[in-house]
Amino acid sequence: MTYVNITAPVKKIESWGKDLKHVLDSLPKGIMPQIGLGFTGGKDTGAGLDTDVADGKYDKQLQAFYKVLLDLDRPSFTRIGYEFEGDWNGYSPESFKKVFLIISKAFKEKNIKSATVWCSGGGSANFMSLEKLMAYYPGDQYVDWWGIDIFSPEEFDHIGLQNFFDSAHIHEKPVMIGESTPRYVGVLDGEISWDKWFNPFFEMLYDNPGIKAFCYINWDWIYWSNKIGFQWHDWKDARIEKNSFVLKAYKMKMENPIFIHLENK
């Protein structure tokens with residue numbers, strides 16, 4: 001997982017691309033980056049610049065981004081304007097859709113090997129109704145995957161989550177859990193942590209075969225909150241390897257044949 005903002009200076013996007021390529025070149029060829037592509041003007045302040053991007057004011061940045069993907073020369077996922085309905089982004093439906101179309105069309109025209117992901121903020125955005133959510137939908141022909149991000153334990157049982165999965169099935173789109181982490185739970189309480197977050201997470205995966213990918217953020221959230229200045233101080237330590245019970249249980253789950261591992265491809 002990696003993140004870049006299309007409103008950043010061109011040189012910053014180029015630098016991000018070089019660093020990403022360096023990392024990926026050191027890893028097995030089959031690893032696919034999952035890119036969170038934002039177009040905001042601040043750190044969760046609601047300063048969405050989607051209208052400016054749609055109007056062509058960041059075309060040089062977009063071209064730099066496309067070149068990065070072409071230089072990577074490997075399959076990837078791009079969550080265009082991820083968590084699009086979140087007020088911390090501040091996107092409007094019409095301009096968000098226009099940006100999504102611009103990028104999706106460019107991927108096809110340039111033969112860029114990146115799947116487009118339409119990724120909702122889910123529970124963090126209070127599970128907006130499907131009717132309101134679909135106001136942001138650019139259309140099936142421009143979307144390869146649906147995505148949703150899952151953090152707090154109460155999200156697993158929310159009807160909004162199941163409605164999202166059901167609607168993705170109707171649209172015949174595979175689902176990616178674009179971001180997940182045991183927010184406010186962490187791993188350090190061992191079996192308690194497992195029962196409160198991890199077990200319902202895996203049950204969700206088993207109960208919804210339309211989910212074809214998930215991404216887990218293996219962070220100590222306090223450390224990263226202090227390092228990059230976001231308000232994550234109470235999200236706790238989500239590093240699986242920091243608790244022996246969680247680590248063992250997680251490894252056992254990964255032995256389930258529904259999960260595809262790189263060495264088995």
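All of these numbers come straight from a predicted model, not from anything done at the bench.

1. Topic: the packing of aromatic side chains
Centre distance and the angle of the planes are the two values used to describe a pair of aromatic rings. Counted under the stated rule, the structure contains 41 aromatic pairs. Between the aromatic rings of W118 and W146, the centroid separation amounts to 4.8 Å while the plane-to-plane angle is 65°, which identifies the pairing as edge-to-face. With W118 in strand β4 (residues 114-120) and W146 in strand β5 (residues 145-150), the pair connects residues that are 28 residues apart, well separated along the chain. Taken individually, W118 and W146 each receive the classification buried, so the pair is uniform in this respect. Between W197 and Y216, the aromatic rings sit 6.0 Å apart at their centres with planes inclined by 65°, giving edge-to-face as the arrangement. Highlighted residues: W197 in helix α7 (residues 191-207) and Y216 in the loop between β7 (211-214) and α8 (221-228), separated in sequence by 19 residues.

2. Side note on helix α1 (residues 10-25)
Compared with the 22 Å implied by 1.5 Å per residue over 16 residues, the 22 Å span of α1 between its first and last C-alpha is a close match. All of the buried residues along α1 are I13, W16, G17, L20 and L24. Along the axis of α1, the buried residues cluster in a sector spanning 100°; they form a single face. Away from the buried face of α1 by more than 90 degrees, exposed residues K11, K12, K18, D19, H22 and D25 are located.

3. A short note on the sheet that holds β5
Across the sheet, which stays open at both edges, the seven strands sit in the order β1-β2-β3-β4-β5-β6-β7 with parallel pairing between neighbours. Pairing within the sheet leaves two strands with one partner each, and these edge strands are β1 (2-5) and β7. Here the strands of the sheet are splayed against their neighbours by 30° on average, with no regard to which way each runs. As paired elements, strand β6 (residues 175-180) and β7 share three bridges and run parallel to each other.

4. Looking at the pattern of salt bridges
What the rule picks out here adds up to 10 salt bridges. The salt bridge partner of R79 is E179, with a shortest N-O separation of 2.9 Å. Taken together, the residues span a long stretch of sequence, with R79 in strand β3 (residues 76-80) and E179 in strand β6 at a distance of 100 residues. We classify R79 as buried; its relative accessible area is 0%. Using a relative accessible area of 7% as the deciding quantity, one classes E179 as buried. A salt bridge links R239 to D220, with the shortest nitrogen-to-oxygen separation between them at 3.7 Å.

5. Here we look at the layout of surface pockets
By volume, the second largest pocket is sized at about 180 Å³. In terms of lining, the second largest pocket is formed by E14, G17, K18, K21, A64, K67, V68, D71 and L72. Counting residues per element, the ones that place at least two in the lining of the second largest pocket are α1 and α3 (59-72). Tallying contributions element by element places α3 first for the lining of the second largest pocket, with five residues. Here the residues of the lining of the second largest pocket sort into three nonpolar, one polar and five charged.

Conventions adopted
- Residues numbered from 1 in each chain as written.
- Predicted model: local features only at pLDDT ≥ 70, side-chain atom pairs only at ≥ 80, totals over all residues.
- Heavy atoms only, no water.
- Phe/Tyr/Trp six-rings, centres within 6.5 Å; stacked < 30°, edge-to-face > 60°.
- Helix = DSSP H or I, 4+ residues; strand = E, 2+ residues; numbered from the N terminus.
- Buried < 20%, exposed > 50% of the residue type's maximum accessible area, 1.4 Å probe, protein only.
- Expected span 1.5 Å × (residues − 1).
- Arc of directions from axis to C-beta.
- Pairing = 2+ DSSP bridges.
- Axes fitted to C-alpha atoms, helices over the stretch in contact; angles between N-to-C directions.
- Salt bridge = Lys/Arg side-chain N within 4 Å of Asp/Glu carboxyl O.
- 1 Å grid on protein atoms, 1.4 Å probe; cavity = no way out; pocket = protein on both sides within 12 Å on 5 of 7 lines; lining within 4 Å.
- Points joined across faces, edges and corners; volume = space filled by probe spheres on them.
- Nonpolar A, V, L, I, M, F, W, Y, C, P; charged D, E, K, R; others polar.

Read these as geometric descriptors, not functional statements.
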